Amino acid sequence: MKTLKHLFDRNLEWANTIKEEDPAFFAELSKQQAPEYLWIGCSDSRVPANQIVNLPPGEVFVHRNIANVVVHTDLNCLSVIQFAVDVLKVKHIIVCGHYGCGGIRAAMEDQEHGLIDNWLRHIKDVIRFNAGRFEGRDHEEKLDLLCELNVREQVTNVCNTTIVQNAWKRGRELSVHGWIYDIQNGILKDLDACVTCSDETPVQ
Ligand code: CO
């Protein structure tokens, strides 16, 4: 039987390193989680939420899918947002895209990839919503722009969920942020897309 022993070895090493620094770390954390942040990011292995913002376990509630898409009827993503907002009472929802995203690249092309093409259709919608903004740019520039526009679109989708709208109606302090990560240098950039109340939600 294959057991991926090397991963269990790495796990022990990791847990021991943390316990050396803070012997009570896991015992304390096991009692409850109280993260301030919900991270909605891409599944890409090069974009791990906690590591990018250098935060330990317990600090970030995470949802990841291909190309960090927030679909209006995605029960999985909506459940994560609802639990994070209503139960964990996070103060910030971060939609984080990244340059060099394979999902974004695939959505720009016409090649068939199977089932995933239906998911990428949401990104093709972002191209359609922003028609005209891609003219006069080379292919790589178009890809980078689409990575950014996709984040902005998904920020809007988060804001338009009944969960976030109702939280704001109740006067909850809740901000939705749009960030992008550069896999070439490890640096995060704020796209200045932050929304803090329903009045600021872009009308689409
Ligand atoms: Co990606």
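Structure: see above.
Computed from a predicted structure; not experimentally measured.

1. Considerations on the packing of helix α6 (residues 116–129) against helix α7 (residues 139–159)
Thinking step 1. At a closest axis distance of 10 Å, the pairing of α6 and α7 adopts a crossing angle of 100 degrees. In this view, α6 runs roughly perpendicular relative to α7, as classed from their interaxial angle. For the pair formed by α6 and α7, the contact residues are I123, V126, I127 and F129 on the first element and L146, L149, N150, E153 and Q154 on the second.

2. Side note on the coordination of the cobalt ion
Thinking step 1. Ligation of the cobalt ion by protein atoms is provided by C42 (SG), H98 (NE2) and C101 (SG), these donors lying 2.0 to 2.3 Å from the ion.
Thinking step 2. In the primary structure, the donors to the cobalt ion are separated according to the pattern C-x55-H-x2-C. Within this pair, whereas C42 is found in strand β1 (residues 37–42), its partner H98 is found in strand β3 (residues 92–98), the two being separated by 56 residues in sequence. We note that C42, like H98, is buried.

3. Observations concerning the side chain of D74
Thinking step 1. Examined against the element boundaries, D74 turns out to sit in the loop between β2 (60–65) and α4 (75–87).
Thinking step 2. Buried and unpaired, D74 has no salt bridge, with R64 as the nearest side chain of opposite charge at 13 Å.
Thinking step 3. Among the polar contacts made by the side chain of D74, one reaches the main-chain amide nitrogen of N76 at a distance of 3.0 Å.
Thinking step 4. When near neighbours in sequence (up to four residues on either side) are disregarded, D74 contacts H63 and W119.

4. A closer look at the pairing of strand β4 (residues 175–182)
For a regular strand, side-chain orientation follows a simple rule: the groups alternate between the two sheet faces.
Thinking step 1. Within β4, seven of the eight residues are buried, which leaves it mostly tucked inside the rest of the structure.
Thinking step 2. With seven bridges connecting them, β3 and β4 associate as parallel partners. Bridging across to β4, I93 finds its partner in V176.
Thinking step 3. As paired elements, β4 and strand β5 (residues 187–190) share four bridges and run antiparallel to each other. Its bridge partner lying in β5, I180 is registered against K189.
Thinking step 4. If you look at the hairpin formed by β4 and β5, you'll find four residues sitting between the two strands, and G186 has a positive phi there, around 75 degrees.

5. Details of a nonpolar patch on the surface
Thinking step 1. Residues L4, L7 and F8 make up a contiguous nonpolar surface patch of roughly 330 Å² in combined accessible area.
Thinking step 2. Mapped onto the secondary structure, F8 falls in helix α1 (residues 5–21).

6. Focus on the nonpolar core
Thinking step 1. Counting 45 residues, the largest nonpolar core has L38, I81, I93 and V158 as its most contacted members.
Thinking step 2. Breaking this core down by element, the ones donating at least two residues are β1, α4, β3, α5 (102–108), α6, α7, α8 (162–169) and β4.
Thinking step 3. Ranked by the residues each element gives to this core, the list is headed by α7, at nine residues.
Thinking step 4. For I93, the contacting residues outside a window of four places in its chain are L38, I40, I81, V85, V158, V164, L174, S175, V176 and H177.

7. Digging into the environment of T156
Thinking step 1. Examined against the element boundaries, T156 turns out to sit in helix α7.
Thinking step 2. Residue T156 is classed as buried on the basis of its relative accessible area, which comes to 5%.
Thinking step 3. The spatial distance from the C-alpha of T156 to the C-alpha of A193 is 9.2 Å, given a sequence separation of 37 residues.

8. Digging into α8
Residues lying three or four places apart along an α-helix face the same way, a consequence of the helix completing one turn every 3.6 residues.
Thinking step 1. Listed in full, the buried residues belonging to α8 are I163, V164, A167 and W168. Buried residues of α8, seen end-on, are gathered within an arc of 130 degrees and therefore sit on one face of the element. For α8, the exposed residues set more than 90 degrees away from the buried face come down to T162 and K169.
Thinking step 2. Elements in contact with the buried residues of α8: α4, β3, α7 and β4.
Thinking step 3. One or two positions beyond α8, positive phi appears at G171, with a value near 80 degrees.

Conventions used here
In every chain, residue numbers begin from 1 and rise along the written sequence. Local features in this predicted model are restricted to residues whose pLDDT is 70 or higher, and side-chain atom pairs enter the listing and the counts only when it is 80 or higher, whereas totals over whole chains, interfaces and linings include all residues. Side-chain figures throughout are based on the complete set of non-hydrogen atoms in the structure, without hydrogens or water. Axes here refer to lines fitted to C-alpha atoms; in helices the fit is confined to the stretch in contact. Angles between the N-to-C directions go from 0 to 180 degrees. Strands here mean DSSP runs of E at least two residues long; helices mean DSSP runs of H or I at least four residues long; both are numbered from the N terminus. Angle categories are assigned with fixed cut-offs, so that under 35 degrees is roughly parallel, over 145 is roughly antiparallel, 65 to 115 is roughly perpendicular, and the rest are oblique. Residue contacts are defined here by distance: any two heavy atoms, one from each residue, within 4.5 Å place the two residues in contact. Here a donor is an N, O or S atom found within 2.8 Å of the metal, or within 3.2 Å if the metal is Na, K or Ca; sites may look incomplete because water is not among the atoms. Remark: exposure states derive from per-residue accessible area (1.4 Å probe, protein chains only) relative to the maximum for the residue type, with buried under 20%, exposed over 50%, and partly exposed in between. The charge count includes Lys and Arg as positive and Asp and Glu as negative, but it does not include His or the ends of the chains. Salt bridges are counted wherever a side-chain nitrogen of Lys or Arg sits within 4 Å of a carboxyl oxygen of Asp or Glu. In protein, a polar contact requires one atom able to donate a hydrogen and another able to accept it; more generally it is a pair of N or O atoms within 3.5 Å, and residues adjacent in sequence count only if both atoms are side-chain atoms. Two strands qualify as a pair provided DSSP detects at least 2 bridges between them. The patches reported here contain residues having more than 30% relative accessible area and no salt bridge. Joining distances are 9 Å for like charges and 5 Å for nonpolar side chains (Val, Leu, Ile, Met, Phe, Trp, Tyr). Areas reported as accessible are Shrake-Rupley estimates using a 1.4 Å probe. Residue values count occlusion only from the protein chains shown. The term nonpolar core refers to a set of buried residues drawn from Ala, Val, Leu, Ile, Met, Phe, Trp, Tyr and Cys, joined through side-chain atoms within 4.5 Å. Summarising the geometry, the arc corresponds to the directions from the helix axis toward the C-beta atoms.

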